[in-house]
Each structure stands twice: as C-alpha cells, then as structure tokens.
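Read off the chains here:
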Amino acid sequence: MAGINKVILIGNLGKDPEVRTLENGTKVANFTLATSETYKNKEGQKVTQTEWHNIVLWRGLAEIAERYLRKGNQIYIEGKIKTRSWDDKDGNKRYTTEITGDNLTMLGSRRDTDETDAGSASVQDKTPDNNVGDEKDDLPF
C-alpha cells in the first residue's frame, strides 16, 4: 500500500517571499509561515502557541508568490513534507524540513495586498481555458 504525504496549513507569512531564478530559468520561492493555536491552560489563562513552517514554491506558484504575497498575508497552502540534508562548511551533516506547496489560496481582503487584482484567489496550475462557452453541452443548467 502506498503512503500519503499531504499537509494543509492556514497561516500568515513571516516574511516576504525570497524568489530566485535557477540557471535553467526555473523560479523557486522560499518563506516562513506561522500557524497559531490558542487554548486556555489549567489556570484559565489564554495561551497562544505558534509553529513556524518553511515553505517552498516552484515555477508558477513561485511567480504568484513573488507578485502577490507579502509579510503578514494569510494563505491556505497544500503540499508535501520534505526533508533534505547537506554538509555545512565544517563538514557537519545538517537537516531541514520544508513544505513543498502544490496548491495556494490567498485569503483575506484586497486591502491586505498591494495589488488591486489579488484578492482571495486560488492557484494550482492555472492554464487559461480559451474554449469556455464554445462547446455546446446537453446539461439542463
């Protein structure tokens, strides 16, 4: 049986996305996302616990992040957990765990963004459908 590696997060960007273009022209965006959970402890005091997630977006999603996402924006993101390792300059093995995003939805109002056309929008793989309305179907609605 195959495993499932799926993450769903709603949170706020901790910083503006850092976007770079690789030698082959592929764009990649990195940023942190904060998810918070609030509960009352045994003394009845409200406690907020925040987790920070490292997010990586590739290609088209990286371009969307570069254009529309800013520190503080609230987003919904779906993706996969990935852990990678490398050797640092001293030869020590280092590890990081990241969320590689597959689907992104910008939440919040238009005033939360700098762009006028970037309200609440969902992005996965947006390929324009130029044939909308050209086909006739027999659906009654």
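Residues numbered from 1 in each chain as written. Predicted model: local features only at pLDDT ≥ 70, side-chain atom pairs only at ≥ 80, totals over all residues. Heavy atoms only, no water.

**Here we look at the pattern of salt bridges**
Condition: Any Lys or Arg side-chain nitrogen found within 4 Å of a carboxyl oxygen on Asp or Glu counts as a salt bridge. Numbering of helices and strands starts at the N terminus; helices are DSSP runs of H or I of at least 4 residues and strands are runs of E of at least 2. Working definition: with a 1.4 Å probe on protein chains only, accessible area under 20% of the residue-type maximum means buried, over 50% means exposed, and in between means partly exposed.
Inspection of the entire model under this criterion finds 5 salt bridges. The salt bridge partner of K6 is E78, with a shortest N-O separation of 2.9 Å. Within this pair, whereas K6 is found in the segment before β1 (7-13), its partner E78 is found in strand β5 (residues 74-87), the two being separated by 72 residues in sequence. Looking at K6, the relative accessible area reads 53%, which means it is exposed. Here E98 ties to R84 by a salt bridge, and the two come within 2.9 Å at their closest N and O atoms. You can see E98 sitting in strand β6 (residues 93-106) and its partner R84 sitting in strand β5, a full 14 residues away along the chain. Here R84 falls in the partly exposed class, since its relative accessible area comes to 44%.

**Regarding the pairing of β1**
The following threshold applies: Strand pairing is assigned whenever DSSP identifies at least 2 bridges connecting the two strands.
The pairing of β1 with β5 spans 6 bridges and is classified as antiparallel. Within the sheet, the bridge partner assigned to V7 lies in β5 and is G79. In this sheet, strand β3 (residues 27-40) lies alongside β1 in antiparallel orientation, the contact comprising 2 bridges. Paired with N12 across the two strands is A34, which belongs to β3.

**Regarding the side chain of T35**
Heads up, the rule is: Polar contacts here mean pairs of N or O atoms no more than 3.5 Å apart (in protein, one a potential hydrogen donor and the other a potential acceptor; neighbouring residues in sequence count only if both atoms are side-chain atoms).
Looking at the secondary structure, you find T35 in strand β3. One polar contact links T35 to H53, side chain to side chain, over a distance of 2.8 Å.

**Comments concerning the confidence of the model for the protein chain**
Detail in the predicted coordinates should be disregarded across regions flagged by low pLDDT. Note the following rule: Confidence of the predictor at the level of single residues is captured by pLDDT, which takes values from 0 to 100. When checking whether two residues touch, look at their non-hydrogen atoms; a contact exists if any pair is within 4.5 Å.
Confidence in the prediction of the protein chain, expressed as mean pLDDT, is 84, and 77% of residues score 70 or more. When the criterion is pLDDT under 50, residues 115-121 qualifies, and its contacts beyond four places in sequence or with other chains add up to 17 contacts.

**Looking at unusual backbone geometry**
The backbone of R59 sits at a positive phi, close to 50 degrees, despite the residue not being glycine. Turning to its location among the elements, R59 is positioned in helix α1 (residues 59-68).

**What to know about the nonpolar core**
The test is simple: Here the nonpolar core consists of buried residues drawn from Ala, Val, Leu, Ile, Met, Phe, Trp, Tyr and Cys, with membership extended through side-chain atoms lying within 4.5 Å.
Among the nonpolar cores identified, the biggest contains 18 residues, and I55, L57, L69 and I75 are the most heavily contacted of them. If you tally residues by element for this core, the top one is α1, at 4 residues. Excluding residues that lie within four positions of it along the chain, I75 makes contacts with L9, I10, G11, L13, F31, L33, L69, L104, T105, M106 and L107.

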